[in-house]
Amino acid sequence: MGAAVKAFLGMGGYWAYVWPAWALAVGILAGLYAISVHQARRAERRLDALGRPLRGRGALGRQPRGGGTHR
Amino acid sequence: MKAMVGYANPARFMRASARLLPWCKGVTALLLAGGVYLALFVAPPDYQQGESVRIMFVHVPSAWMAMATYAVMAVASAVGLVWRHVLADLTAKAAAPIGASFTALALASGSLWGKPMWGAWWVWDARLTSVLILFFLYLGYIAVWQAIEEPARAGRVAAIVALVGSVNLPVIHFSVNWWNTLHQPESVVRMGGPAIDPSILVPLLVMGVAFFAFFVTVLLIRVRVEVMARRLRAVAQVRAATAAPSVAVQGA
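Residues numbered from 1 in each chain as written. Chains lettered and ligands numbered in written order. Predicted model: local features only at pLDDT ≥ 70, side-chain atom pairs only at ≥ 80, totals over all residues.

Visitor: I tried to follow the overall build of chain A on my own but got confused; where do I start?
Guide: Counting its secondary structure elements, chain A contains two helices and zero strands. Buried positions account for 25% of the 71 residues belonging to chain A. (Helix = DSSP H or I, 4+ residues; strand = E, 2+ residues; numbered from the N terminus. Buried ≥ 20, exposed ≤ 12 C-beta atoms within 10 Å, placed from the backbone.)

Quick look at the structure:
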């Protein structure tokens, strides 16, 4: 079991290249998603504050928590 | 076309995208989970590259999406220029950071694969150089939107930048045929079928579809952000315009 995990993590000697590539992929994609969601929530909050009935069912595709002023 | 024009209405787009987003997120999560499992645990090591082939499962889909995103941006820019659809401009604007991220990932992961396979982090090869130019085109496009304050004018200038830059897409695609390059020739979409064994091709395609689903999901979120930002600007302008006369009266 331990040897299998070690072999998997070792990636046939290429671990120093394979894992950074995957870490970059996770970091860039997760970061892009998180920033986009954060911006959407911030814009939604600002619109809520203005009471503008624009956003259908919330910026992220769901009902705003606790209801919005735009209902 | 009629349906497209209908969805060019921002309010209708907001309603439709709100319904669509949970499905997009679910499909993306499933595809990414399946793709990662196939790429890391099921696909065998390559007979030449060994385990370093696993870098290809993030490098190739990100390179595909780097080009596809620019194509989406160029088409949206053309639609924005010709038909003056607000949503087309906003779609192009929203796509740019996603495309820049995919391009950065393609360049970085390619570099991490190049060191053990070619013995160099970077070579001024036609394919690598044209993809680096694509990255700069994305940055230039984003900079235009940042530099010009008036959104309509920024949209027009950025659209021209996007359309001029689209010349680079066929250069990237055919660079491996037109010049002697270190980069391997086309191996998936080519005459005579893919040159890759199905045990590696299937995980690669699943990751490709997963990256595409991720793109659609993030694009929908970012277009929604742009629509809301535009509405916030409009409200701020109306408030400034209505506040100005009262200030003038008070001043008098």
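Visitor: Explain the interface of chain B and chain A here, please?
Guide: A common way to report how large an interface is uses the accessible area buried once the components associate. Counting residues at the interface gives 35 residues for chain B, matched by 33 residues for chain A. Looking at the side of chain B that touches chain A, the elements that each hand over two or more residues are α2 (10-42), α3 (56-83), α4 (86-118) and α8 (198-251) of chain B. Per-element tally for the side of chain B that touches chain A: the top contributor is α8(B), with eleven residues. Its residues assigned to classes, the side of chain B that touches chain A comprises 23 nonpolar, five polar and seven charged. (Contact = placed C-beta atoms within 7 Å. Nonpolar A, V, L, I, M, F, W, Y, C, P; charged D, E, K, R; others polar.)

Visitor: Would you mind showing me how to read the packing of α3(B) against helix α6 (residues 151-165) of chain B here?
Guide: To characterise two packed helices, one gives the angle between the axes of the helices and the distance between these axes. All names here are of chain B. The N-to-C vectors of α3 and α6 enclose an angle of 135 degrees; their axes lie 9 Å apart at closest approach. Relative to α6, the element α3 lies oblique. Crossing handedness for the pair α3 and α6: left-handed. Along the contact surface, α3 presents Met73, Ala74, Ser77, Ala78, Gly80 and Leu81, while α6 presents Gly155, Arg156, Ala159, Ala162 and Leu163. Split into classes, the residues belonging to the contact of α3 with α6 amount to seven nonpolar, three polar and one charged. (Axes fitted to C-alpha atoms, helices over the stretch in contact; angles between N-to-C directions. Parallel < 35°, antiparallel > 145°, perpendicular 65-115°, else oblique. Left-handed = near helix turned anticlockwise from the far one by under 90°.)

Visitor: How should the environment of B:Glu149 be read in this particular structure?
Guide: All names here are of chain B. With respect to the helices and strands, the residue glutamate 149 is situated in the loop between α5 (126-147) and α6. The class for glutamate 149 is exposed, based on 7 C-beta atoms found within 10 Å. Residues glutamate 149 and alanine 106, 43 residues apart in the sequence, show an inter-C-alpha distance of 31 Å.

The quantities given are spatial measurements derived from coordinates; they are silent on function.
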